[in-house]
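Listed below are the residues making up each chain.
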Amino acid sequence: MKKVIVFLADGFEEVEALTTVDLLRRVNANVITMSITEDIVVCGAHDIIVNTDSVFDKDELNDADAIVLPGGMPGTLNLKNHDGVEDIVFDFVKKGKLVCAICAAPMILGELGLLKGKKACCYPGMEEYLHGAVVEGGPVSIDGNIITGVGVGGAIAFALEIVKYLFDEETAKELKESVVDKF
């Protein structure tokens, strides 16, 4: 079973995070929402309260296949300023594991120097933070083991690309049809 960690910080973009969680769980991925605080309760950018599955624990990440960094403000900045998240992102990229970031969150990868020469997209206006990236218009960019997305409007496309990467194209296609994504 594929294991995916979705990091949640106060101020995260709810649609981006929860769409990804929902669609991955529909294909039976083991998705763990992980608070980067010491509390399982996290408040999204639009005041939606979420009880996460766990709090930040590096040991729980050892056997994960992928990590997801939702956008939103100040959620992205809270993720960026968390030393443990930065270490995990570097470790996953180094090991060739899947790293996914959407909306403003690709700026974290850009500022860590992980997008140099790679295709990426982000929330319009945040491109300056994608240092060295080949910036695309979205809704989703895939380059090796990094998937980036533009934001809320591309949340389903972003999640489907994660499904395709972790499972296969047929699983992503069936999921797309089951959620009546005809666009």
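In this text the structure is predicted, and so the values were computed from the model without any measurement.

Asker: What's the story with unusual backbone geometry in this structure? I'm lost.
Answerer: Comment: phi is negative for the bulk of residues other than glycine, and the bulk of peptide bonds are trans. The step from Met73 to Pro74 runs through a cis peptide bond, and the omega angle for that step is 5°. By the element assignment, Pro74 lies in the loop between β6 (66–69) and α3 (75–80). With an omega of 15°, the peptide bond running from Gly138 to Pro139 counts as cis. Positionally, Pro139 belongs in the loop between β9 (134–135) and β10 (140–143). Positive phi values are uncommon outside glycine, yet Asn28 reaches one of about 65°. One can find Asn28 in the loop between α1 (14–26) and β2 (30–35). Of note in this structure, Asp47 is not a glycine but carries a positive phi near 60°.

Asker: Sorry if this is basic, but what is going on with the environment of Asn62 here?
Answerer: Within the secondary structure, Asn62 is located in the loop between α2 (58–61) and β6. Judged by its relative accessible area of 56%, Asn62 is exposed. A C-alpha to C-alpha distance of 23 Å links Asn62 and Asp143, two positions 81 residues apart in sequence.

Asker: For this particular structure, what's the right way to read the sheet that holds strand β7 (residues 98–102)?
Answerer: Paired through their backbone hydrogen bonds, the strands of a sheet run either parallel or antiparallel. Read from one edge of the open sheet, seven strands run β5-β2-β1-β6-β7-β11-β10, paired in mixed fashion. Each edge of the open sheet is held by one strand with a lone partner, namely β5 (54–55) and β10. Note that strand β1 (residues 3–8) and β2 share six bridges and pair parallel. Its bridge partner being in β2, Val6 is matched across the sheet by Thr33. On top of the sheet, α1 reaches β1, β2, β6 and β7; it is set at about 155° to β2, its chief contact. Contacts from helix α6 (residues 155–166) reach β1, β6, β7, β10 and β11 (146–149) within the one sheet, and its direction differs from that of β7 by about 175°.

Asker: Help me out: how do you make sense of the packing of aromatic side chains in this one?
Answerer: Remark: the centre distance and the inter-plane angle together describe each pair of aromatic rings, the angle taken between the planes. This structure, assessed with the given rule, holds one aromatic pair. One residue, Lys97, lies across the ring of Phe92, its end atom 4.9 Å from the ring centre.

Asker: Which parts of the structure should I look at to understand the nonpolar core?
Answerer: Taken as a class, soluble globular proteins show a tendency for nonpolar side chains to be buried jointly. With 33 residues, the main nonpolar core has Phe7, Ile67, Leu69, Val89 and Leu109 as its most contacted residues. Looking at this core, the elements with two or more residues in it are β1, β2, β6, α4 (83–95), β7 and α5 (106–111). No other element matches α4, which puts five residues into this core. Ranked by size, the runner-up nonpolar core spans 29 residues in total, among them Leu8, Phe12, Ile147 and Leu166.

Asker: Which parts of the structure should I look at to understand the environment of Ala104?
Answerer: Here Ala104 lies in the loop between β7 and α5. In this structure Ala104 touches Gly71, Met73, Thr76, Tyr123 and Met126, once residues within four positions along its chain are discounted.

Asker: For this particular structure, what's the right way to read the side chain of Thr52?
Answerer: Within the secondary structure layout, Thr52 lies in the loop between β4 (49–51) and β5. Note on Thr52: relative accessible area 5%, which makes it buried. For Thr52, the side chain forms a polar contact with the main-chain oxygen of Ser54, separated by 3.0 Å. Beyond its immediate stretch of four places on either side in the chain, Thr52 contacts Leu8, Thr33, Met34, Ser35, Ile40 and Val42.

What counts and what doesn't
Residues numbered from 1 in each chain as written. Predicted model: local features only at pLDDT ≥ 70, side-chain atom pairs only at ≥ 80, totals over all residues. Heavy atoms only, no water. Helix = DSSP H or I, 4+ residues; strand = E, 2+ residues; numbered from the N terminus. Buried < 20%, exposed > 50% of the residue type's maximum accessible area, 1.4 Å probe, protein only. Pairing = 2+ DSSP bridges. Contact = heavy atoms within 4.5 Å. Axes fitted to C-alpha atoms, helices over the stretch in contact; angles between N-to-C directions. Phe/Tyr/Trp six-rings, centres within 6.5 Å; stacked < 30°, edge-to-face > 60°. Lys NZ or Arg CZ within 6 Å of the ring centre and 35° of its normal. Core = buried A, V, L, I, M, F, W, Y, C linked by side-chain atoms within 4.5 Å. Polar contact = N/O pair within 3.5 Å; in protein donor to acceptor, adjacent residues only side chain to side chain.

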